[in-house]
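Descriptive analysis of the structure
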Amino acid sequence: MKNKAESFLLFELAGNTYGLPSANVQHIDMLEHVTPVPNANPAIDGVVFSRGQVIPALNLRLRFGFSRIANTLRTRIVFATIHDRTVGLIVDTAREFKTFSGENLRPIEETLTGINDKYLTAVAQSGERLVLILNLEAVLKVEDVQLPPAGTLNLENAAA
């Protein structure tokens, strides 16, 4: 991949560790209230209100085909932005940032031969655990998830 070091937020989902580039992370919060949205894709739990914005909440367990579990005190929502679009990613837990050098990030196609996983870009090792590096753009692909277009949610509609 790249030769320079890159920082990632590490989070857990269904017993696996994933990495999200820190440059895409706005902030992390405990998961509190999610307001359901009618006719939304099953992976969209609804919307949340954070820092003056109404933001769609994407359940990564469902997005990746894992089973839904009840939220716990460890459940977090990671607010991530890509292409001027912010989404809340619901994960099992998130609390650690880690920097990997470019040589420690192995492209997914070199690491997992025969697997075409569009949601991953690389694999890194942190101690004993493998970290699967997410392709946030693919995870949030509008055709698959049907996120509301940027700017279509406003406070008046959310309060109704």
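Here, residues in each chain are numbered from 1, in the same order as that chain's written sequence. Owing to the predicted nature of the model, reporting of local features is limited to residues with pLDDT of at least 70; listing and counting of side-chain atom pairs is limited to 80 or more, with chain, interface and lining totals taken over all residues. Excluding hydrogens and water, the side-chain figures rest on all heavy atoms present in the structure.

Overview of the nonpolar core
Our working definition: Residues belong to one nonpolar core when they are buried, are Ala, Val, Leu, Ile, Met, Phe, Trp, Tyr or Cys, and are joined through side-chain atoms within 4.5 Å. Only protein chains enter the accessibility calculation, which uses a 1.4 Å probe. A residue is then buried if its area is under 20% of the maximum for its type, exposed if over 50%, and partly exposed in between. Labels follow the DSSP assignment, with helices taken as runs of H or I lasting at least four residues and strands as runs of E lasting at least two, numbered in each case from the N terminus. Contacts are assigned to residue pairs with any non-hydrogen atoms lying within 4.5 Å of each other.
Membership of the largest hydrophobic core comes to 28 residues, with the highest contact counts inside it found for Phe11, Leu58, Leu60 and Leu89. Every element with two or more residues in this core is listed here: β1 (6-13), β2 (16-21), β6 (76-82), β7 (85-91), β10 (120-126), β11 (129-134) and α3 (136-139). Here leucine 60 is in contact with Phe11, Leu13, Leu89, Ile90, Val91, Leu134 and Val139, once residues within four sequence places are set aside.

Some words on the environment of phenylalanine 8
Mapped onto the fold, phenylalanine 8 is located in strand β1. Residue classification places phenylalanine 8 among the buried residues on the basis of a relative accessible area of 2%. In sequence terms phenylalanine 8 and asparagine 24 are 16 residues apart; their C-alpha atoms lie 9.1 Å from each other. If sequence neighbours within four positions are ignored, phenylalanine 8 has contacts with Gly19, Leu20, Pro21, Ser22, Glu96, Phe97, Lys98, Phe100, Leu105 and Ile133.

A short note on the sheet that holds strand β3 (residues 25-30)
Where we set the bar: Pairing between strands requires that DSSP locate at least two bridges from one strand to the other. Note on method: axes are straight lines fitted to C-alpha atoms, helices fitted across the in-contact stretch only, with angles between N-to-C directions ranging 0 to 180 degrees.
Across the sheet, which stays open at both edges, the five strands sit in the order β3-β6-β7-β5-β4 with mixed pairing between neighbours. Of all the strands in the sheet, just β3 and β4 (44-50) have a single pairing partner and so form its edges. Adjacent strand axes in the sheet meet at a mean angle of 30°, parallel and antiparallel pairs treated alike.

Some remarks on the environment of isoleucine 133
Along the chain, the position of isoleucine 133 falls in strand β11. Taking the C-alpha atoms as reference points, isoleucine 133 and proline 21, separated by 112 residues in sequence, lie 8.0 Å from one another. In contact with isoleucine 133, other than residues within four places in its own chain, are Phe8, Gly19, Leu105, Tyr119, Leu120, Thr121 and Ala122.

What about the pattern of salt bridges?
Heads up, the condition is: The salt bridge criterion pairs a side-chain nitrogen of Lys or Arg with a carboxyl oxygen of Asp or Glu, the two atoms within 4 Å.
Taken as a whole and judged by the stated rule, the model has three salt bridges. For aspartate 45, the salt bridge goes to arginine 68, with nearest N and O atoms at 3.1 Å. A residue pair is termed long-range when its members are at least 10 positions apart, and aspartate 45 in strand β4 and arginine 68 in the loop between α1 (60-63) and β6 qualify at 23 residues. For aspartate 45, a relative accessible area of 17% gives the class buried. The exposure class of arginine 68 is partly exposed, given its relative accessible area of 47%.

A few points about the confidence of the model for the chain
The line we're drawing: Values of pLDDT, ranging from 0 to 100, describe the predictor's confidence in every residue of the model.
The predicted model of the chain averages 84 in pLDDT, with 81% of residues at 70 or higher. Mean pLDDT across the elements of the chain bottoms out in helix α5 (residues 155-159) (42) and peaks in β1 (96). Counted against residues more than four places away or in other chains, residues 149-160, with its pLDDT under 50, gives 11 contacts.

What to know about the packing of aromatic side chains
Heads up, the condition is: The criterion for an aromatic pair is that two Phe, Tyr or Trp rings (for Trp, the six-membered ring) have centres within 6.5 Å, with stacked assigned to planes under 30 degrees apart, edge-to-face to planes over 60 apart and tilted to the rest.
Tallied over the full model, the rule gives four aromatic pairs. Relative to phenylalanine 100, the ring of phenylalanine 8 has its centre 5.9 Å away and its plane inclined at 50°; by these criteria the two rings are tilted. Here phenylalanine 100 lies in strand β8 (residues 93-100) and phenylalanine 8 lies in strand β1, a separation of 92 residues in the sequence. Ring centres 5.6 Å apart and planes at 15° place the aromatic pair phenylalanine 11 and tyrosine 18 in the stacked group. An aromatic cluster is present here, built from Phe11, Tyr18, Phe64 and Tyr119 joined pairwise through their rings.

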